[in-house]
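Breakdown of the fold
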Amino acid sequence: MTNRDQVLEAVQQLPPIPVDACELVRLLQDPEVDPAELERAISLNPALTTHVLATANSAIFGARAEISTVRRAWLQLGSGRIQAAVMSAMVGPMACEPVEGYSLPGDALWEGALAIALATEELALKTGGPPPNEAFTAGLLVDIGKTVFGQVAQTKMSEIADLAFGGNISFEKAEEQLVGINHAEAGAIMLEAWGLPESIIQVVRWHHEPEMCPEEFRPIAELVHAAQYLCGMVGLGNGEDGNYYASSEAVFNRLGLSPDAIENCLCQTLSKLDLAREAFGLEKKS
Amino acid sequence: MSSSPTQAGIGAATFPPTDRSQLQIVGISEFKVSNDPNDVLVTYSLGSCIGVTVHDPIAGVGGLIHCMLPLSKGAREGSAPKPAMFVDTGVILLLNAVFDLGATRQNLVVKVAGAGSPMDQCNRFRIGERNIVILRKILWKNELMLAGEHTGGTRPKTVFLSIATGQAVVRTPEEQTNL
């Protein structure tokens, strides 16, 4: 019998992410961060330094000359991009594994995450909402909870799918009903255990129910919610759950996106996806 | 949802092949054509997107495209051109590519799957429906008819096309049917 406690236990057993990576994410969220401190913090972890520089030099950011120092990368790309690079180094290896339960082959979860991140950023640009870089980072981790939830609830997945599809219930609600927790909450608990900032944890926790998100983080939660809906609609990042998620009428009304804006958002997202894979994937970095 | 009632009967055990190495995967916003009878083209996870198969049984030529959006105008503004992303530009590319391999308009069998909707009732953007409208327009202009269709619904679809036989199969989590 799969239940909430088993999911929580599995989260607790995950290997911790490097303390210096968590510290870095916290530093990068500080708008008045001292560049020297940032450079020192990143250089403590040579693998992370390599990853950040490889990301900074990838084609998606169109650097005209090679970026060879962390300080230069930060100045050129900004905190949001560096934060995304650090997070991709932290969770990329886990997110590139096949996700049991959801029947996602290797790389599919990560590709979906990149698509959602890109779409979130596009929506931020189109709606004049939160800073696009921050929106990108939030989108990147949105489904990380599926890794643990899918593994623990593997034997329960067909029952969850039957309940969702048969009863026309949003997939995360079916997860809740049958396991006592959904992948969004599992993801938030993972990120909390890793010591990541509240702004990211809350967005991940409430991406399917953005109206429940604390007000200060809600604008990004709403963008992530809309971005995931759009990506799922065209089949990006779908697994066993098959984009069976409800969307918030209120969020779409508030964002006021025209059909043209939506199609342009999807077009931009897909056009940048290959470059984003190269920038935030791991295959070309080792 | 409209679909062929025919279940994938004779040959269903071997088509689509279970060996993934025999499959030529067509990604989202991509197309492939072939005249190699060993090839099986496949595209996965069609949501509101459409997968269009074309096959000429006389020339032994076929192709498959996975289009995401109906019209290139406007949507592609500010982005790198990827013409197979759109029904209006992509289907023309697909047709020209199979004609280049020797297919003829008279013998071409065209089928489509996809154009699904999200689970909620609002379906506010109707991208799937619009993809089909534009496809019909393009085919009509090119004097082609749809010979098979499996569209609508809320579940993702996978489409296979055998270059050897022209058999096109659509698979959803619940069923597998000939197109």
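Everything discussed here concerns the structure shown above.
Since the model is a prediction, treat every value here as computed from it, not as a measurement.

Here's the deal with the environment of B:Leu179
By the element assignment, B:Leu179 lies in the segment after strand S10 (176–178). Placed 34 residues apart in sequence, B:Leu179 and B:Met145 show a C-alpha to C-alpha distance of 14 Å.

A few points about the pattern of salt bridges
Residues and elements named next belong to chain A. Scanning all chains against the criterion turns up 17 salt bridges over all chains. One salt bridge connects Lys 146 with Asp 143, and the closest N-O pair in it is separated by 3.5 Å. Accessibility classification places Lys 146 together with Asp 143 in one group, the buried group. Via salt bridges that share partners, Arg 4, Glu 185 and Arg 205 belong to a single interconnected network.

Examining the interface of chain A and chain B
Across the boundary between the two partners, chain A contributes 31 residues, which contact 32 residues of chain B. Each partner contributes to the roughly 2500 Å² buried at the junction of chain A and chain B, and carbon and sulfur atoms together form 58% of this total. Counting the surface chain A buries against chain B, the share from its top three residues, A:Met233, A:Glu263 and A:Leu270, is 25%. Taken together, the connections running from chain A to chain B amount to two salt bridges. A salt bridge links B:Lys82 to A:Asp274, with the nearest nitrogen and oxygen atoms 3.7 Å apart. In this structure, the connection of chain A to chain B is made through three residue pairs in polar contact (both at pLDDT 80 or more). Contributions of two or more residues to the side of chain A that touches chain B are made by helix H14 (218–233), helix H15 (249–255) and helix H16 (259–280) of chain A. If one sorts the elements of the side of chain A that touches chain B by residue count, H16(A) sits on top with ten residues. When the residues that make up the side of chain A that touches chain B are grouped by side-chain class, the tally is 17 nonpolar, ten polar and four charged.

What counts, and where the lines are drawn
Note that residues are indexed from 1 along each chain, following the sequence as it is written. To read the labels, note that chains go from A and ligands from 1, taken in the order they are written. Predicted model: local features are reported for residues with pLDDT of at least 70 only, side-chain atom pairs are reported and counted for 80 or more only, and whole-chain, interface and lining totals are derived from all residues. To obtain the side-chain values, all non-hydrogen atoms of the structure were included, while hydrogens and water were left out. Going along the chain from the N terminus, every DSSP run of H or I of four or more residues is numbered as a helix, and every run of E of two or more is numbered as a strand. Throughout this description, the term salt bridge denotes a Lys or Arg side-chain nitrogen within 4 Å of a carboxyl oxygen of Asp or Glu. Burial classes: relative accessible area under 20% of the type maximum marks a residue as buried, over 50% as exposed, and values in between as partly exposed (1.4 Å probe, protein chains only). What makes two residues a contact is simply this: any of their non-hydrogen atoms within 4.5 Å. Throughout, buried area stands for the accessible area (probe radius 1.4 Å) lost by two parts on being put together, summed over both. In protein, a polar contact means a hydrogen-donor-capable atom and an acceptor-capable atom, both N or O and within 3.5 Å, with residues adjacent in sequence counting only if both atoms are side-chain atoms; elsewhere, any N or O pair within 3.5 Å suffices. Note on residue categories: nonpolar means Ala, Val, Leu, Ile, Met, Phe, Trp, Tyr, Cys or Pro, charged means Asp, Glu, Lys or Arg, and polar means any other residue, Gly included.

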